[in-house]
Amino acid sequence: MVNTDTFVPDAVEEIETEIGDENAVIALSGGVDSSVAAALAYEAIGDQLTPVYVDTGLMRKGETAQIRETFSYMDSLRVVDAKDRFLEALSGVTDPEEKRSVIGEQFIREFEREARDADADFLVQGTIYPDRIESEGGIKSHHNVGGLPDVVDFDGIVEPVRDLYKDEVREVAHELDLDELVAERMPFPGPGLAIRVIGEVTAEKLEVARESCHVVEEELEEYEPWQALAAVVGKATGVKGDNRVHGWIVSVRSVESRDGMTARAQEIDWETLQRIQSRITGENENVSRVVYDVTHKPPATIEYE
Ligand code: XMP
């Protein structure tokens, strides 16, 4: 386990030494990893750090507002509205790995522009230990590892939480007094809701996934899942009012895990599942069916793509 008493001052000192008087950028994702990395770097070098948040339109409900609030103390924060550009780039793309690569490339384009504008010499990243393992093992092309450094010619890359597991990053977040919501928020994949809609990414499917994920996160909070989510997995016939409709199928998933490498589907009581079903079908006119995923990892993965 990480010793937070010494971790924070050591990390701050290391960042200060590495970056010195130069400028740095970090891409904020809204997740705990990049938030902790940003908070550490900001403590070390203040406004020499430009935190960049790219609003891809693939984020969780309320995420952009939350980021603005949490990091409002950083004067150099930049929020980029790239929602339309991401949707455009993803149009017609159905393959999961291709989605990741399109999103990664678009992200790089957006970020590169900001990095140049900020005259940044260093890149700070919130890469954690399991990201490195999974990426090195070629399990999935995590777009937050690799990619960025290849395009912008940085003098160096600083990864202050590279040796930590997720639960250790959370401990550090508490130590840094980061917003409780950020510190305890469950992991969210870099490609965001794009991998929680099967097939082509459309504004309609994204909205269903976003609202459904929000319901699931709220309703399952007491179960303290490592990750809970909802995905738009296809279409099915249903009856709404007096009409038969061909609506979306939303699959709900809630898992326990330590690091995401293996996971167990959680046992959820019927009443809670029914409440989730009723909220998702009630709040989303075009959802006709809600199912609960009982598969562990392996053989399934946590996400749907
Ligand atoms: P899977 O679905 O592989 O997910 O069981 C394991 C953990 O990784 C997250 N995940 C990703 N994170 N980029 C990311 O930054 C990705 O492409 C990606 N795919 C999956 C997933 O949410 C879970 O926490």
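In what follows, the structure referred to is the one given above.
Calculation rules
- Residues numbered from 1 in each chain as written.
- Predicted model: local features only at pLDDT ≥ 70, side-chain atom pairs only at ≥ 80, totals over all residues.
- Heavy atoms only, no water.
- Helix = DSSP H or I, 4+ residues; strand = E, 2+ residues; numbered from the N terminus.
- Buried < 20%, exposed > 50% of the residue type's maximum accessible area, 1.4 Å probe, protein only.
- Contact = heavy atoms within 4.5 Å.
- Phe/Tyr/Trp six-rings, centres within 6.5 Å; stacked < 30°, edge-to-face > 60°.
- Core = buried A, V, L, I, M, F, W, Y, C linked by side-chain atoms within 4.5 Å.
- Polar contact = N/O pair within 3.5 Å; in protein donor to acceptor, adjacent residues only side chain to side chain.
- Near = heavy atom within 4 Å.
- Areas by Shrake-Rupley, 256 points an atom, 1.4 Å probe, with all protein chains shown as cover.
- Nonpolar A, V, L, I, M, F, W, Y, C, P; charged D, E, K, R; others polar.

J.: How do you make sense of the environment of Glu-184 when you look at a structure like this?
T.: Assignment of secondary structure puts Glu-184 in helix H9 (residues 180–184). Under the relative-accessibility criterion, Glu-184 is labelled partly exposed at 41%. With 29 residues separating them along the chain, Glu-184 and Asp-155 place their C-alpha atoms 33 Å apart. Sequence-distant contacts of Glu-184, defined by excluding residues within four places in its chain, comprise Arg-170 and His-174.

J.: I would appreciate a short explanation of the packing of aromatic side chains in the present structure.
T.: Each aromatic ring pair is characterised by the separation of its centres together with the angle its planes make. All told, the structure shown has three aromatic pairs when counted by the stated rule. Between Phe-107 and Phe-111, the ring centres sit 6.1 Å apart and the planes meet at 15°, which makes this aromatic pair stacked. Here the residue Phe-107 and the residue Phe-111 both occupy positions in helix H5 (residues 96–117), the gap between them amounting to four residues, near one helical turn. For Phe-107, a relative accessible area of 12% puts it in the buried group. The class of Phe-111 is buried, set by a relative accessible area of 1%. Seen from their ring centres, Tyr-129 and Tyr-165 are 5.4 Å apart, and the 70° between their planes marks the pair as edge-to-face. Residue Tyr-129 is located in helix H6 (residues 129–136), and its partner Tyr-165 is located in the loop between strand E5 (156–158) and helix H8 (166–175); the two are separated by 36 residues in the primary sequence.

J.: Is there a simple way to think about the nonpolar core in this case?
T.: As a rule of thumb, nonpolar side chains are buried together in soluble globular proteins. Core analysis: the largest hydrophobic core is formed by 48 residues, its most contacted members being Val-25, Leu-58, Phe-111, Val-216 and Ile-280. Elements represented by at least two residues in this core include exactly strand E1 (24–28), strand E2 (49–55), helix H4 (83–90), H5, helix H10 (203–219), strand E6 (227–240), strand E7 (243–256) and helix H11 (270–283). By residue number, the principal contributor to this core is H10, which donates six residues. When residues no more than four places from it in sequence are discounted, the contact partners of Val-216 are Ala-228, Leu-229, Ala-230, Val-252, Ile-276 and Ile-280. Among the nonpolar cores identified, the runner-up in size contains 40 residues, and Val-12, Ala-24, Ala-37 and Ile-67 belong to it.

J.: What is the right way to look at the side chain of Glu-305 in this model?
T.: Secondary-structure assignment places Glu-305 in the segment after strand E9 (287–292). Judged by relative accessible area, Glu-305 falls into the buried class, the value being 11%. Here the side chain of Glu-305 touches Lys-99 through a polar contact of 2.7 Å, side chain to side chain. One polar contact links the side chain of Glu-305 to the main-chain amide nitrogen of Gly-199, over a distance of 3.4 Å.

J.: Can you walk me through the site of the ligand in this structure?
T.: What surrounds the ligand is a group of 15 residues, the closest being Arg-100, Gln-227, Lys-297, Ile-302 and Glu-303. Contact distances for the ligand include 2.7 Å between an oxygen atom and a side-chain N or O atom of Lys-297. Here Glu-303 contributes a side-chain N or O atom positioned 2.5 Å from an oxygen atom of the ligand. Computed on the free molecule, the ligand has an accessible area of 490 Å², of which 93% lies beneath the protein chains in the complex. For the shell around the ligand, a count of residues per class yields five nonpolar, six polar and four charged.

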